[in-house]
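Analysis of the macromolecular model
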Amino acid sequence: MVMTLDLPTFTYTSVNLTPNEYKSGVPPVWCPGCGDYGVLASFLKAIAELRIPREQLTIVSGIGCSSRFPAFVEAYGFHGTHGRALPIATGIKMARPDLIVVTVGGDGDAFSIGMGHLPHAIRRNIDITYIVMDNEIYGLTKGQPSPTSPIGLEKKASPYGTAERPINPLQLVLAAGATWVGRGFSSKPKELTDLIKAAIQHKGFSFLQVISPCVTFYDTYEHFKSITKPLPPEHDPRDRLSALRYAMDEQNVYLGLFYEETGAETFDARYAAMRARVAKPDYGVRDIINKYMR
Amino acid sequence: MHDQSLTLRVGGDSAAGGIVTTGEVFARIAAYAGLEVYTTRTIPAEIKGGHVMFQARIAPTEVWSQGDELDMLVAFDQESIDRYYALIRPGGILVYNSNDGQPPAADYVTFALPLNDLAKTINFQRGRNIITIGALVKLFGLPPDVAITVIEKQLGRRKDLLEQNLLAFKTGYDYVEQHITPTALYRLTPRPGAEKEERLVLSGNQALAIGAIAAGCRFFAGYPITPASDIMEFLAAELPRVGGTMVQAEDEMAALAMALGASYGGVRAMTATSGPGLALMLELIGHAAMTELPVVVVDVQRAGPSTGMPTKVSQGDLRMSVFGTNDDAPHIVLAPVSVEDNFYLIIHAFNIAEKYQVPVIFLSDQDMSVRVQTVPAFDPTRIPLEPRLLWDPNSGDKFQRYKDTPTGISPMSLPGMPGGQYVAEGLEHNAEGEPNYDLYWRTTNMEKRARKVSQAVHEVERLTLYERFGNAEAAIGIIGWGSTIGPVREAVQLAEAEGIPVAVLYPKMLYPLSRALLEDFIAKRQAIIVPELNYVGQFARMIQAEFGREVIALRQFGGIPFKTRDVYEEIKRVHASLKPTQKTLARKQTSTQRRARR
């Protein structure tokens, strides 16, 4: 008999835990005042309100300050290599669709070394959430400009000012066809919690950019406090072009749910349906071998 | 060895179509008739068109190499005649398309087939390949009913074309019957009852992909690359049928990252690539070693460096596989020796990866990956599957993912198990998997990870992860790896027939190397030849470094396999260079053997 290595069947029941009970006990390594503390707090509140069992949640990250995130949450975690958080998360979700998979990281991880994976996660519409803590700087390596840094930013690796134009992450993911797009701010915890909840609940790939300033290398708190504002009520989040217009606004940085497309089929669901279609009862390795028998 | 086997080469322009089909179908007809076949082919560098060659060695008993010279050339055009006529052995046969080629006079028998004219008579220009097959079947006296069965099986998908193909077959067959009086031709006679033995006709990549499914692999992610892509294509078709998943990733890093994600989820996972792709995966292989995640990474080696020669063979990725990661990342490197071995060794690869929670690099090569040959039917139950050690949530113990143990292997939890939460951590960490750079945890975990791999070496003896043959007392030894074993086997037979004994060892675990296996073998030899398909003699240098023993690197880096003659002549050269006392020793042993045989 050919031995199979079937996974155990996992069942989950929703829990009633406080945000604190989702803390792993590992103290965060971030600088005092880092925006990521706010993101973590809103995240813990969001998963508590969603009553997610700790063993069902898997948090995947790459490399960077914000990628240390999984260690601070009492959940399953995967601290991967620089830039590869999305494909790792894709592998987890495809192998284990029963899990709630959240990918976290920073702007360097997402838009520089890992940029090649972002459009593919979007086109697959895999059912995972991606939270990008954007501080417009490389913090862990001590202050080099990032792909979202503004032109002219003077840092040690750009002593005469950056000469490259920044990426507009929301414009990018909206154009690539993301089915859920939002932007939050670490200093707006209540709104951020709601956005994280909605992103996790979205069936499909949800992209949440969170402005999360770096107090040590690029303190943008005051700047963003002055130019962020909620999306106006007349914006219809089912309207991708309207979402793009607000994302491309150069005077204001809008916060909120930019775009949401419900009912789009996910990669994991589409693959499972295909599998069900082509699966043959009692089909196994011997049948495959027999195809090559002379 | 032409008295026992037939080496046939078919050449032509791939734009004309069917060159490889001709060879493949003919080889299958021979296989179905009960003969053993061993094929090899070139793939044109051009995307459409370009010269291609298909070679089949056919014999009543198993053959181990593609054959050094041609017994027969089938040339579809003048270019094929020009390229290959000199390779035909004296007294061999040239079958040529007399509508497109004129052979120079040489010591061979020629048969003219007016292929274009014959195709015109049946109004089927693309039928030249099947006309040729008909002619070959008649020339070699193979059973036409078997040929028709194979044609129906291989080309029967389009019913309208099948009728034309069968007509083409008859046209070629009849032409030979009416125009050529076969004299002193090959008669390929199978062993009695051989056609009833269970034989598979398939390539190394197909064997590997089936082996992966037998090994319980249920997740594959890959990125297209020659010559590994057909593993991905095979699994794209078969994995969903057995409940698995195949994802075509956006690049090689994503491919391995996805496989690691799936493995983290508890599913046996694999990726397959070639040299340039492995180069991109190395960082993640280090990550798998650090996080102790099982995964199998197949590298179907091709000639490099850089893009190199994607359609040509090489064994040049050994050093990258062994030494490629940043810092010491304990992992395993395995190398199969044959098409059949691709099936069985990949099962071992999964077992070792899962049991020791390590990445396993599996070094196949272009030669055995594309080569279609007959192999004994696979037994998917021969190797029992060994699952990974899982944490028991009911054990009452607080879970520690990287708990230090005597073997270094720690029980693993799977997402979904309450209480088993941990982070697969690429930073140095403590037993819980929390980032930690303390000297204690650093040294403890470096040693723990290394301990697993030093345990895994014992699998070499337990699972016989090597091939050993020849004369165990011989003064001359050959230590090799991978697909070079075929020509070595034949060369050793030739040498032994001349009274030169040779001992041969092919380890299949190349990293770490088993001292128990190699030390004794090395100590007994006066001279050791290490044949391999790369420029510097990568394995030779590894053996020298590891065992402090000078070896003779026999190298072929032209993108082609060894010829039997290459190895045979090196054995003779080394034999002649041995000191007289050593030679006497060797001769004495041979004569003792001979006496024993009498």
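Since the structure is predicted, the reported quantities are computational estimates derived from the model, not experimental observations.

Reading the values: rules and limits
Residues numbered from 1 in each chain as written. Chains lettered and ligands numbered in written order. Predicted model: local features only at pLDDT ≥ 70, side-chain atom pairs only at ≥ 80, totals over all residues. Helix = DSSP H or I, 4+ residues; strand = E, 2+ residues; numbered from the N terminus. Rg over C-alpha atoms; globule rule 2.2 N^0.38 Å. Contact = placed C-beta atoms within 7 Å. Pairing = 2+ DSSP bridges. Axes fitted to C-alpha atoms, helices over the stretch in contact; angles between N-to-C directions. Expected span 1.5 Å × (residues − 1). Bend = angle between axes of the 7 residues up to and from the residue. Buried ≥ 20, exposed ≤ 12 C-beta atoms within 10 Å, placed from the backbone. Domains from an automatic or database assignment. Nonpolar A, V, L, I, M, F, W, Y, C, P; charged D, E, K, R; others polar. Left-handed = near helix turned anticlockwise from the far one by under 90°.

**Side note on the overall build of chain B**
The secondary structure content of chain B amounts to 20 helices and 22 strands. Here the C-alpha atoms of chain B give a radius of gyration of 26 Å, agreeing with the 25 Å that 2.2 N^0.38 yields for 598 residues. By sequence separation, contacts in chain B at least 24 residues apart represent 71% of the contacts at least 6 residues apart.

**Brief notes about the sheet that holds strand β3 (residues 100-106) of chain A**
Taken together, the nine strands give an open sheet; going across it, the order is β9(A)-β10(A)-β7(A)-β8(A)-β4(A)-β3(A)-β1(A)-β2(A)-β16(B), and neighbouring strands pair in mixed fashion. Of all strands in the sheet, those with a lone pairing partner are β9 (228-230) of chain A together with β16 (423-425) of chain B, marking the two edges. Strand-to-strand twist in this sheet, taken as the mean axis angle between neighbours without regard to direction, amounts to 20°. Judged from the six bridges that link them, strand β7 (residues 180-185) of chain A and strand β8 (residues 206-211) of chain A form a sheet pairing that is parallel. Across the sheet, Val 181 of chain A pairs through a bridge with Phe 207 of chain A, a residue of β8 of chain A. Where helix α5 (residues 169-176) of chain A meets the sheet, its contacts fall on β4 (129-134), β7, β8 and β10 (253-260) of chain A, and the angle it forms with β7 of chain A comes to roughly 165°.

**With respect to helix α10 (residues 275-291) of chain B**
Residue and element names in this part refer to chain B. When the terminal C-alpha atoms of α10 are compared, their 24 Å separation across 17 residues agrees well with the 24 Å that a helix rising 1.5 Å per residue should span. Remark: the principal bend of α10, roughly 50°, maps to Met 281. With 14 of its 17 residues buried, α10 lies for the most part within the structure. Residue Glu 292 follows α10 closely and has a positive phi angle near 60°.

**Comments concerning the domain arrangement of chain B**
It is common to report an interface's size as the accessible area lost on association of the parts. All names here are of chain B. Domain assignment breaks chain B into domain 1 (6-196), domain 2 (201-376), domain 3 (389-456) and domain 4 (465-597). Between domain 2 and domain 3, the C-alpha centre-to-centre distance is 25 Å. Across the contact, 15 residues belong to domain 2 and 13 residues belong to domain 3. Elements represented by at least two residues in the side of domain 2 that touches domain 3 include exactly α10 and α12 (339-356). A total of four residues in the side of domain 2 that touches domain 3 trace back to one element, the largest contributor, which is α10. Grouping the amino acids of the side of domain 2 that touches domain 3 by side-chain chemistry returns nine nonpolar, five polar and one charged.

**Structural notes on the interface of chain A and chain B**
The interface is formed by 52 residues belonging to chain A together with 60 residues belonging to chain B. Contributing elements (two or more residues each) for the side of chain A that touches chain B: β2 (76-79), α2 (85-95), α9 (267-278) and α10 (285-290) of chain A. It is α2 of chain A that contributes the most residues to the side of chain A that touches chain B, eight residues altogether. Across the side of chain A that touches chain B, the residue classes tally to 29 nonpolar, 13 polar and 10 charged. In the sheet, β2 of chain A pairs with β16 of chain B via three bridges, with the strands oriented parallel. Paired with His 79 of chain A across the strands is Glu 425 of chain B, a residue of β16 of chain B.

**As for the environment of Gly 419 of chain B**
Examined against the element boundaries, Gly 419 of chain B turns out to sit in the loop between β15 (372-376) and β16. With 75 residues separating them along the chain, Gly 419 of chain B and Tyr 344 of chain B place their C-alpha atoms 37 Å apart.

**Focus on the packing of helix α1 (residues 19-32) of chain B against helix α4 (residues 128-139) of chain B**
All names here are of chain B. Across the interface, α1 lies against α4 with an axial gap of 9 Å and an inter-helix angle of 35°. Once α1 is placed against α4, the crossing between them reads as right-handed. Seen from α1, the contacting residues are Thr 21, Thr 22, Val 25, Phe 26 and Ile 29; seen from α4, they are Asn 129, Thr 132, Ile 133, Leu 136 and Val 137. Per-class residue counts for the contact of α1 with α4 are six nonpolar, four polar and no charged.

**Digging into the pairing of strand β7 (residues 199-203) of chain B**
Remember that side chains alternate between the two faces of the sheet whenever the strand is regular. All names here are of chain B. Burial within β7 is extensive, with five of its five residues counted as buried. Here β7 shows a buried face lined by Arg 199, Val 201 and Ser 203 and a second buried face lined by Leu 200 and Leu 202. The pairing of β7 with β15 spans five bridges and is antiparallel. Bridge pairing in β15 links Val 201 to Thr 374.

**Some words on the sheet that holds strand β19 (residues 502-507) of chain B**
Residues and elements named next belong to chain B. An order of β17-β19-β18-β21-β22 is seen for the five strands of this open sheet, with the pairing classed as mixed. Each having just a single partner strand, β17 (466-470) and β22 (552-555) make up the two edges of the open sheet. Sheet twist, expressed as the mean angle between neighbouring strand axes with direction ignored, is 20°. Relative to β19, strand β18 (residues 476-479) runs parallel, the two being bridged by four bridges. Its bridge partner lying in β19, Gly 477 is registered against Ala 503. In the packing of helix α16 (residues 485-497) onto the sheet, the strands contacted are β17, β18, β19 and β21 (527-532), and the crossing angle to β19 comes to about 165°. Along the sheet, helix α18 (residues 538-547) makes contact with β18, β21 and β22, crossing β21 at roughly 140°.

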